[in-house]
Amino acid sequence: NRSTVCFALRLITSSLHHLITIHLFSYMRKPKPHYQLQCWQLSFEFVPLAYQLARKFPVEERYELASQVRRAATSVPLNIAEGAGRNGPAEFSRFLTIARASIIELDTTFLLAERLGYISTAETDKAIAALDHIAALINGLLKKLRLDT
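Conventions adopted
Residues numbered from 1 in each chain as written. Predicted model: local features only at pLDDT ≥ 70, side-chain atom pairs only at ≥ 80, totals over all residues. Heavy atoms only, no water. Helix = DSSP H or I, 4+ residues; strand = E, 2+ residues; numbered from the N terminus. Expected span 1.5 Å × (residues − 1). Bend = angle between axes of the 7 residues up to and from the residue. Buried < 20%, exposed > 50% of the residue type's maximum accessible area, 1.4 Å probe, protein only. Phe/Tyr/Trp six-rings, centres within 6.5 Å; stacked < 30°, edge-to-face > 60°. Core = buried A, V, L, I, M, F, W, Y, C linked by side-chain atoms within 4.5 Å. Contact = heavy atoms within 4.5 Å. Axes fitted to C-alpha atoms, helices over the stretch in contact; angles between N-to-C directions. Parallel < 35°, antiparallel > 145°, perpendicular 65-115°, else oblique. Left-handed = near helix turned anticlockwise from the far one by under 90°. Nonpolar A, V, L, I, M, F, W, Y, C, P; charged D, E, K, R; others polar.

Engineer: Any chance you could explain helix 2 (residues 38-54) here in plain terms?
Structural biologist: It helps to recall that an α-helix has 3.6 residues per turn; residues three or four apart then point in one direction. The end-to-end C-alpha distance of helix 2 is 24 Å, a good match for the 24 Å that 17 residues give at a rise of 1.5 Å each. Most pronounced at F46, the bend in helix 2 amounts to some 25°, and the proline P48 follows within four residues. For helix 2, the set of buried residues is C39, W40, Q41, L42, S43, F46, V47, L49, A50, L53 and A54.

Engineer: Help me out: how do you make sense of helix 3 (residues 65-84) in this one?
Structural biologist: Spanning 20 residues, helix 3 covers 29 Å between terminal C-alpha atoms, matching the ideal 28 Å at 1.5 Å per step. Remark: the principal bend of helix 3, roughly 30°, maps to S75, with a proline, P77, within the next four residues. The buried fraction of helix 3 is high, at 14 of 20 residues.

Engineer: Sorry, what's going on with the packing of aromatic side chains here?
Structural biologist: Here the distance between the centres and the angle between the planes together describe a pair of aromatic rings. This model, assessed by the stated rule, comprises 4 aromatic pairs. Members of the aromatic cluster, each reached through a chain of ring pairs, are Y35, W40 and F44.

Engineer: What should I look at first to understand the nonpolar core in this one?
Structural biologist: The tendency in soluble globular proteins is for nonpolar side chains to be buried as a group. If you look at the biggest cluster of nonpolar residues, it comprises 37 residues, and the most contacted ones within it are F46, I80, L106, F110 and I138. Elements with a minimum of two residues in this core: helix 2, helix 3, helix 4 (89-115) and helix 5 (121-148). Looking at which element gives the most residues to this core, the answer is helix 3, with 9 residues. Once you skip the residues sitting within four places of it in the chain, F46 turns out to touch L106, F110, A127, A130, L131 and I134.

Engineer: Sorry if this is basic, but what is going on with the packing of helix 3 against helix 4 here?
Structural biologist: Helix packing geometry: the angle between the two helix axes and the distance between the axes. Remark: helix 3 packs on helix 4, axes separated minimally by 8 Å, with the N-to-C direction vectors making an angle of 160°. Classified by the angle their axes make, helix 3 and helix 4 are roughly antiparallel. As for the relative orientation of helix 3 and helix 4, their crossing is left-handed in sense. Residues L65, Q68, V69, A72, A73, S75, V76, N79, I80, E82, G83 and A84 of helix 3 form the contact with helix 4, whose own contacting residues are F92, F95, L96, I98, A99, S102, I103, E105, L106, T109, F110 and A113. Per-class residue counts for the contact of helix 3 with helix 4 are 16 nonpolar, 6 polar and 2 charged.

Read these as geometric descriptors, not functional statements.
And the structure:
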């Protein structure tokens, strides 16, 4: 249907913008192993969206649910980066598992925010679709790490 096509086009456009941004980011700085990981790139790009959604929460949630969203959102790329910098696949897998758990936490937090009327169903669906994509990339990387050991 039309909304699915529009969403797919926005996702592709966003992904291209994201890849260009990360390419420039990598070019301007000393390359790091995690810069090349698509799960890190997309989770890095997701953080501003999470912050934008958290700003829609009421003032009384600023230090509660909104803070939880910000912490969990930043936890994903931070744990991927830290894991990529560790020694060996076992440690990397552990940090990827923590990043995946933060994605699951965000999923539930956005559903709660929708239920409480802080964000719309469309905003929730967009955020969860992005999170599901990042989680799938993390799962693929975890599978590859298991096969390599």
